[in-house]
Amino acid sequence: MKLYVSEGNPNCLKVLAALEVSGVTCDVQYVNHDERVVPFLSRPAVPVLLLPSGTQLFSSNAICRYLFEVSGRDSSDLCNQWLEWEATELQPALLQAFHTALLQTKEADVFTLLQGPLSYLDQSLRKGTTPYLTGEVVSVADVVLWAALYPILSDSSLSVGEQKSVKTWFDRSTAVHGLESAAQKVLQGKGLQGMKSYMQKQPAPQSNQCRDTQLCNSNPVEGEEGERVVSEQEMEEAALIWSKGLSVCTAPDRKHPILPQEGKRNLLVTSALPYVNNVPHLGNIIGCVLSADVFSRYSRLRGWNILYLCGTDEYGTATENKAREEGLTPQQICDKYHVIHADIYKWFQIDFDYFGRTTTEKQTEIAQDIFWQLHKHGFLVEDTVEQLRCENCQRFLADRFVEGTCPHCSYLEARGDQCDKCGRLINAVELRKPQCKVCTQTPVIRSSKHLFLDLPKLEAPLEQWLEKSTSTGDWTANAKQITRSWLRDGLKPRCITRDLKWGTPVPHPDFKEKVFYVWFDAPIGYVSITANYTDKWEKWWKNPNQVELYNFMAKDNVPFHSVVFPCSLLGAQDNYTLVSHLIATEYLNYEDTKFSKSRGVGVFGDMAKDTGIPSDVWRFYLLYVRPEGQDSAFSWADMATKNNSELLNNLGNFINRAGMFVTKFFEGCVPAMELQQEDKKLLALVGWELQQYIQLMDKVKIRDSLKHILNISRHGNQYIQVNEPWKKIKGGDADRQRAGTVTGVSVNIACLLSVMLFPYMPTVSQTIRDQLNTPQSCINTMMQGTGTFVCVLSAGHRIGTVSPLFQKLEVDRIEALKKRFGGQQLEDETSKQKKAQNAASSQPAAVPAAAAAAGVETVDAVDPQKAKQLTQAVAEQGEKVRALKAQKADKAVITAEVAKLLDLKKQLAAAEGKSPEPAPRKGNK
């Protein structure tokens, strides 16, 4: 390989830094800024990496990523998100800052230009729990961002504000071997001034090259765009469509069983099957069932023929363990928690066509049939496997019941099947420092014979199918990327059997004591749940030419839906329907941490109802912060802000005012409307927003679509405010007529909003339509084609009783909820136990001899369940403290984490019925 670079070029600093850190051997040649290394480019481009194959890379970030991959360090999803942010947000701002400081000598303006990106970076670093951007070690993202910012942050004469976390990260990165020397080579020890000759030859950046820096981290819903310029033709077309009124079509009733129909678009929609033993938290709900519900409701509005299925995933070690904890049989646990799941989803208004489960005869029948088909076609192989066995628990450990240090990226909490941080597959025996998640003991390695799905043998047909599906279907970017990374690494045989009791039995006589591994078995649950819904299930699942399959999930489930399950179905060679559209979200965090049932952190599905906040408001906010392109976080303060600003003051305010004007000024009947140019312009603007909404929803861009609903109500509020119908109604005939037109148009926009809101907030949608007494056919009319905004409520239409749709969320209420779900529960309960303990110690009591000999006080408040949860929490926190010490982290950070560990240990002692501190020995003062 040969790398061409030039002095003073900030992009060359990136690639030289990446070369130093990656340790890749490469010939480096320095050239002039204007030398054409790549002859077919219209402008000179440096840096350039010439590969042995003759291929040339001339994007600095692509070169950096390539060098790291060659060294064996693949880019994680988070890493790629940072690289994209650097290219699209940070670089434009930096170019302007370089130009301003070097060529206009306006150093004071640098802070203003970089304030937005640096604030975002600082906030992200502050919220993170690792020393670098993506983990415990330097990644390509750290190198690229460090190199991009080096000319600014290394110049002490430039003021860029108090970004303490950025400074700490920058100083830590600067200390990494090779980075400082790369900067010296490119900038010749001159810092920012070393770029002056390079910048003089560059075109001046446009002032709008970086969008408003305050919006660098804004949600797509936030920040109003400049108003569209509407042409005369658009106004007239909008007015013509408006005048056509309602069509006579009516919505077809949902008659079960729903089956594919000739001549219609037939959609089979699934959301990832939730583990039955876990109560789903908000992240689980938005990642799977809620997202799929929104799209399913929208699809019905569009008139598509859709079947939406889900169910509980009930087999596996997790269920066995839960049964052991609660003193029930696995089947009793499944029965109990299936009802809990169903009740939670019902409260969240998840409108399944059928919600099933995997512990059924159909599951056994279909899974075993697919197994025998794979066996028949030679896609199964036998092998002896080394497995982790916990001698303390007396059982082999399923992948998700062992944790340790990832052998690839050194993440401390990698699972036995996959690392959540780097995304790489792991065999449990490869983990460093493995621990049983149940008892925290170190497991031992034992051998056992198993069956494997021969993925390498299926790789060619899989790649052929993937190329077609990913190019014609709507696959999210992370789904494509995760799938490509699996294929790039080369597929390996995947074990499909386990040494467990609770599962679908393997029908092969040589493996009759084993069950199917959950990730072979669970996706087949989609098929068996359909079979329990209708005996004509094959019309959905063996009909690839007529059925489009949509899978909704969080990104950690992608490989099993894009590789493992499709390979099972391809290998069965039975004309199965494969996924057409794979929709994967990133992760939703809770405030600035993760959801944790054991620590009492976060809102879980069964708790949301108890907050008194309506399910529609929960749905709205979760969809508003849906992690579509990157991880996002639930925030109580932000939820209150969005409820009070977007729902109460924007959307609810407009709809309520429109309805109240009809009631108050026109005796409850929609007045006659005579459209002026201003009204036609509004119709065109609203019509355009509707079209954008439909285009985005068709592509399953659920969060982005929501922006256009809120934009319409903003247009409506402005329209009312400018025209002031409450004043005009008191004027002459012309003013009264104008008040009538504004009121009539507004109430029709409210009607449109009720339709667009239906997938997001079904109860609010129905309430609006009830208040406006809206004809049912408006739903189908509005959603035809690319969107049709017509006059639904014509003059003389009588509306119903209008009332406010939303209530304000007060600060004190939100603060109380934040405290309640912020991990305070365990502390509060522990304090109660301590009080009980103190009360008990003040009374004479017989102390058991063993306890007295050990010098330990005992109390009555023993909670074995909580003790088990806290034991796990103590182990996790202890690992975190050890890691921070190994990394020589800041003393203040280590002290804070040690304090948390000590507090958890005190809580554990209380839960075990012991005194948090050793009792004083007799005779001592």
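The notes below deal with the structure included here. (Residues numbered from 1 in each chain as written. Predicted model: local features only at pLDDT ≥ 70, side-chain atom pairs only at ≥ 80, totals over all residues. Heavy atoms only, no water.)

When its secondary structure is counted, the protein chain shows 33 helices and 20 strands. Here the protein chain holds 925 residues, and 56% of them are scored as buried. Of the contacts formed within the protein chain by residues at least 6 apart in sequence, a portion of 78% connects residues at least 24 apart. When the accessible surface of the protein chain is totalled, it reaches about 40000 Å², and 49% of it is carbon and sulfur. (Helix = DSSP H or I, 4+ residues; strand = E, 2+ residues; numbered from the N terminus. Buried < 20%, exposed > 50% of the residue type's maximum accessible area, 1.4 Å probe, protein only. Contact = heavy atoms within 4.5 Å. Areas by Shrake-Rupley, 256 points an atom, 1.4 Å probe, with all protein chains shown as cover.)

Here we come to the pattern of salt bridges. Applying the stated criterion across every chain, the model contains 37 salt bridges. We note a salt bridge from Asp-420 to Arg-415, for which the minimum N-O separation is 3.0 Å. Here Asp-420 falls in the partly exposed class, since its relative accessible area comes to 35%. Because the salt bridges share partners, they merge into one network encompassing Arg-254, Arg-300, Asp-351 and Asp-353. (Salt bridge = Lys/Arg side-chain N within 4 Å of Asp/Glu carboxyl O.)

This part takes up helix H23 (residues 677-698). In this model, H23 (22 residues) spans 31 Å end to end at C-alpha, consistent with the 32 Å of a helix rising 1.5 Å per residue. In the segment just after H23, Val-700 is the residue with positive phi, at about 60°. (Expected span 1.5 Å × (residues − 1).)

Here we come to the packing of aromatic side chains. Tallied over the entire structure, the rule returns 36 aromatic pairs. Ring plane angle 50° and centroid distance 5.6 Å describe the contact between Phe-620 and Tyr-624, whose orientation is recorded as tilted. Within this pair, Phe-620 and its partner Tyr-624 are both found in helix H21 (residues 615-624), separated by 4 residues, close to a single helical turn. The class of Phe-620 is buried, set by a relative accessible area of 2%. Residue Tyr-624 is classed as buried on the basis of its relative accessible area, which comes to 1%. (Phe/Tyr/Trp six-rings, centres within 6.5 Å; stacked < 30°, edge-to-face > 60°.)

This next bit is on the nonpolar core. Counting residues in hydrophobic clusters, the biggest one holds 183 residues, and the most contacted among them are Phe-348, Trp-541, Trp-618, Trp-636, Tyr-693 and Tyr-760. Leaving out residues up to four positions away in the same chain, Trp-541 has contacts with Leu-268, Tyr-526, Val-527, Thr-530, Leu-549, Phe-565, Asn-575, Tyr-576 and Thr-577. Listed in part, the 68 residues of the second largest apolar core include Leu-3, Val-5, Cys-12 and Leu-94. (Core = buried A, V, L, I, M, F, W, Y, C linked by side-chain atoms within 4.5 Å.)

Position of Asp-27 relative to the elements: it lies in strand S2 (residues 27-30). Asp-27 gets classed as partly exposed once you look at its relative accessible area, which sits at 42%.

Once that is clear, we can look at the sheet that holds strand S12 (residues 432-436). Ordered by their spatial adjacency, 3 strands build an open sheet running S11-S10-S12, and the pairing between neighbours is antiparallel. Edge positions in the sheet fall to strand S11 (414-415) and S12, since each of these pairs with one other strand and no more. In this structure, strand S10 (residues 402-405) lies alongside S11, joined through 2 bridges in antiparallel fashion. Its bridge partner lying in S11, Gly-404 is registered against Ala-414. (Pairing = 2+ DSSP bridges.)

Orientation of helix H13 (residues 361-376) relative to helix H19 (residues 558-572), taken along the N-to-C sense of each, is 65°, at an axis distance of 8 Å. Here H13 is positioned roughly perpendicular relative to H19, judged by the angle of their axes. The element H13 and its partner H19 pack so that their crossing is left-handed. Between H13, through Ile-370, Gln-373 and Leu-374, and H19, the contact on the second element is made entirely by Cys-567, Ser-568, Leu-569, Gly-571 and Ala-572. Tallied by class, the residues present in the contact of H13 with H19 amount to 5 nonpolar, 3 polar and no charged. (Axes fitted to C-alpha atoms, helices over the stretch in contact; angles between N-to-C directions. Parallel < 35°, antiparallel > 145°, perpendicular 65-115°, else oblique. Left-handed = near helix turned anticlockwise from the far one by under 90°. Nonpolar A, V, L, I, M, F, W, Y, C, P; charged D, E, K, R; others polar.)

This part takes up helix H5 (residues 140-153). Owing to its 3.6 residues per turn, the α-helix aligns residues three or four sequence positions apart on the same side. The end-to-end C-alpha separation of H5 is 19 Å, in line with the 20 Å expected for 14 residues at 1.5 Å each. Considering bend angle alone, the principal kink of H5 is centred on Ala-147 and spans about 30°; proline Pro-151 follows within four residues of it. Most of H5 sits out of view: 13 of its 14 residues are buried. (Bend = angle between axes of the 7 residues up to and from the residue.)

Turning our attention to the sheet that holds strand S1 (residues 2-5). Strand order in this open sheet of 4 strands is S2-S1-S3-S4, and the pairing throughout is mixed. Looking along the sheet, the strands with just one partner apiece sit at the ends: S2 and strand S4 (56-57). Bridge analysis of strand S3 (residues 48-50) against S4 gives 2 bridges, and the strand direction is antiparallel. Along S4, the bridge assignment pairs Leu-50 with Gln-56.

Within the secondary structure, Asn-551 sits in strand S17 (residues 547-554). With residues up to four places along the chain from it excluded, the contact list for Asn-551 reads Thr-270, His-561, Val-579, His-581, Leu-582 and Ile-583.

In this section: the pairing of S1. Relative to S3, S1 is paired through 3 bridges, and the arrangement is antiparallel. Among the inter-strand pairings, Tyr-4 is bridged to a residue of S3, identified as Val-48. Looking at chain direction, S1 and S2 are connected through 4 bridges and run parallel. Bridge assignment links Leu-3 to a residue of S2, and that residue is Val-28. Remark: the S1/helix H1 (residues 10-22)/S2 crossover connection has right-handed handedness. (Right-handed = clockwise from strand over helix to strand, strands pointing away.)

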